[in-house]
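Residue-level listing of the chains:
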Amino acid sequence: MRLRINLFVILFSLLTAIVTTSCRSESDELIVAPENESLKKDSKVANLMLRTSMNDGSTDDSIDNNSCFTLKLPFTITANGIEITFSSQEDIDVYDDVFDDSDEIIFSFPITLIFDDFSEVIVNTMSEFNEILENCDEDNNEDDNESIECIDFQYPFSASVFNSQSELIETASFENDRDLYQFIDDLEDTDIATINFPIVIVLFEGTEIEIDDLDNLEDAIEDVIDDGCYNDNNDDDDDDNDDNNDDDDNDDDDDDVSSEAFSEIITEETWEVLKFKDNQSNETKNYTDFEFDFKSDGTVIIENEETIDGTWSASLNSDGKLEANFDFGTEAPLNKLNGNWSVKKATEEQIKLEKDDDGVSKDELFFKEE
């Protein structure tokens, strides 16, 4: 009887081993993805995906004047004597063409900086901030490390990952760049990851491209780089073309708003001077206490320590360009705002005006909705 039992145990063990081996082999075949579908940590396409999903430090360059990091929202600055709180990227976009080197920008500390790898540092003083700026991104400008800011992934999408140590297949979902960056950065050499295609990438000008596998993704990103869109900060190319593009850019701004739309915008809100630049002289601080209430009948009420009456109008000039005319009286400093201003931009949050003084100087006037 004991012999029969032992024989049964041996036969059962052998059968179990055979079945187990057979199942493991079949499972292995299922998780070995084709070469153009398997995302390997040190592959070229993984590096391109990592750089494309890096934190885009250029989104707030108009405020912090660098692309090494972004300022974590919300944050507050005082610009030319006016306190401004930024709670969203849309708030930052409003000021994209406002600030330059002539502006005095003071941060309300502490602020938090988010670097390209999404690591965060809390900064408590201006000296700490300046020290970070001095060391910012100087050692990471090699092509293989630099972020690719002219391409965005369209989220959400996902990947399947087989971990050879835990022998588990898991699904990783990506809702934003941070999710994707951390996923690729955390990949182990032994992980087998497959992106669940198709996915969509979006080029800087808005073109959408559907991608079916990793080979196509690698080719698409490299094609964009080869076409000159390495990142949004191609300063050399931009500088070379600035003079030629100024007129075109201004024409585009002029076409953005009609006389009727401008009149509706300027009369719906109360405004304050966000910036006034007289040629190269920033004189914003002279206007920080003034409130401008433009009326639909062509009058304007200006409140400071006293009430001042003025007039305004909007019309097309001989070139068909929209102009705003202000007459705020003869007293300083309001008299410097008098005259005809070209309307470059008008939204519910901001109005941008420019005045060309016979080609000798260019004045800039920005109104901000109060």
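The protein chain goes by Lipocalin-like domain-containing protein in an unreviewed UniProt entry, where it is assigned to Aquimarina celericrescens.

A. Broad picture of the overall build of the protein chain. Within the protein chain, the regular secondary structure consists of nine helices and 22 strands. The proportion of buried residues among the 370 residues of the protein chain is 38%. The contacts of the protein chain with a sequence gap of at least 6 include a subset with a gap of at least 24, amounting to 55%. As presented, the protein chain carries roughly 20,800 Å² of accessible surface, and 43% of it is formed by carbon and sulfur atoms.

B. Quick peek at the state of the cysteines. Per the stated rule, a full pass over the model turns up one disulfide. Between the sulfur of Cys68 and that of Cys136 lies a disulfide, 2.4 Å long from S to S. Here the residue Cys68 occupies a position in the loop between α3 (61–64) and β2 (69–71), and Cys136 occupies one in the loop between α5 (126–134) and β8 (151–153), the gap between them amounting to 68 residues. On the accessibility criterion, Cys68 (10% relative accessible area) is buried. Residue Cys136 is classed as buried on the basis of its relative accessible area of 12%.

C. Representation of unusual backbone geometry. The step from Leu73 to Pro74 runs through a cis peptide bond, and the omega angle for that step is -10°. Inspection of the secondary structure puts Pro74 in the loop between β2 and β3 (75–79). Residue Pro198 is bonded to the preceding Phe197 through a cis peptide linkage, with omega at 5°. Within the secondary structure, Pro198 sits in the loop between β11 (192–195) and β12 (199–203). One non-glycine residue, Asn65, adopts positive backbone phi at about 60°.

D. Spatial organisation of the sheet that holds β3. The three strands are arranged β4-β3-β5 in an open sheet whose pairing can be described as antiparallel. What marks the edges here is a single partner per strand, and that holds for β4 (82–86) and β5 (105–107). On average, each strand axis in the sheet is tilted by 30° relative to the strand beside it, whichever way the strands run.

E. Structural view of a negative patch on the surface. On the surface, Asp42, Asp117, Asp185, Asp186, Glu188 and Asp189 cluster together into a patch of negative charge. With respect to the helices, strands and loops of the structure, Glu188 is situated in the loop between α6 (177–186) and β11. Glu188 gets classed as partly exposed once you look at its relative accessible area, which sits at 47%.

F. Geometry of the pattern of salt bridges. Tallied over the full model, the rule gives 15 salt bridges. Where Asp103 meets Lys275, a salt bridge forms, and the shortest distance between an N and an O atom there is 3.2 Å. Of this pair, Asp103 sits in the loop between α4 (89–94) and β5 while Lys275 is found in strand β14 (residues 271–278), placing the two residues 172 residues apart along the sequence. There is no split in this pair, since Asp103 and Lys275 are both buried. Between Arg178 and Glu120 there is a salt bridge, with the nearest N and O atoms lying 3.9 Å from each other. Of this pair, Arg178 sits in helix α6 while Glu120 sits in strand β7 (residues 120–123), placing them 58 residues apart in sequence. In this structure Glu120 comes out as partly exposed when scored by relative accessible area, which is 37%.

G. Structural context of the confidence of the model for the protein chain. Of all residues in the protein chain, 79% have pLDDT values of 70 or greater, and the mean over the chain is 83. In the predicted structure, residues 1–31 sits below a pLDDT of 50 and forms four contacts with residues beyond four places in sequence or in another chain.

H. Main features of the packing of helix α2 (residues 44–52) against helix α7 (residues 214–226). Viewed as axis vectors pointing N to C, α2 and α7 meet at an angle of 55°, and their least axial separation amounts to 10 Å. By the angle between their directions, the pair α2 and α7 is classed as oblique. Handedness of the crossing formed by α2 with α7: left-handed. Taking contact as the criterion, the partners of Lys44, Val45, Leu48, Met49, Arg51 and Thr52 in α2 are, on α7, Leu214, Leu217, Glu218, Ile221, Glu222 and Ile225. By residue class, the composition of the contact of α2 with α7 is seven nonpolar, one polar and four charged.

What counts and how
All residue numbers refer to positions counted from 1 along the written sequence of the respective chain. In view of the model being predicted, local features appear only for residues whose pLDDT reaches at least 70, and side-chain atom pairs are presented and counted only at 80 or more, with totals across whole chains, interfaces and linings using the full set of residues. Side-chain figures throughout are based on the complete set of non-hydrogen atoms in the structure, without hydrogens or water. In this text, helices come from DSSP runs of H or I with a minimum length of four residues, and strands from runs of E with a minimum of two, each type numbered from the N-terminal end. Per-residue accessibility, obtained with a 1.4 Å probe over protein chains only, is compared with the maximum for each type, and a residue is labelled buried under 20%, exposed over 50%, and partly exposed between these values. Note on contacts: a residue pair is in contact if any heavy atoms of the two residues lie within 4.5 Å. Accessible surface area values rest on a Shrake-Rupley calculation with a 1.4 Å probe, where residue burial reflects the displayed protein chains alone. For the purposes of this analysis, a disulfide is any pair of cysteine sulfur atoms at a distance within 2.5 Å. When DSSP finds two or more bridges between two strands, those strands count as paired. Here an angle of 0 to 180 degrees is reported between the N-to-C directions of two axes, which are lines fitted to C-alpha atoms, with helices fitted over the stretch in contact. Candidates for patches are residues over 30% relative accessible area with no salt bridge; among them, like charges are joined within 9 Å and nonpolar side chains (Val, Leu, Ile, Met, Phe, Trp, Tyr) within 5 Å. For this analysis, a salt bridge means a side-chain nitrogen from Lys or Arg found within 4 Å of a carboxyl oxygen belonging to Asp or Glu. His is not counted, nor are the chain ends; Lys and Arg add positive charge and Asp and Glu add negative charge. Just so you know, the charge point we use is NZ for Lys, CZ for Arg, CG for Asp and CD for Glu. The quantity known as pLDDT measures the predictor's confidence residue by residue, on a range of 0 to 100. Angular relationships are summarised with four words: roughly parallel below 35 degrees, roughly antiparallel beyond 145, roughly perpendicular across 65 to 115, and oblique for the angles in between. Helix crossings get a hand from a simple test, with the near helix turned counterclockwise from the far one by less than a right angle marking a left-handed crossing and a clockwise turn marking a right-handed one. Gly is placed with the polar residues, together with every amino acid not listed as nonpolar (Ala, Val, Leu, Ile, Met, Phe, Trp, Tyr, Cys and Pro) or charged (Asp, Glu, Lys and Arg).

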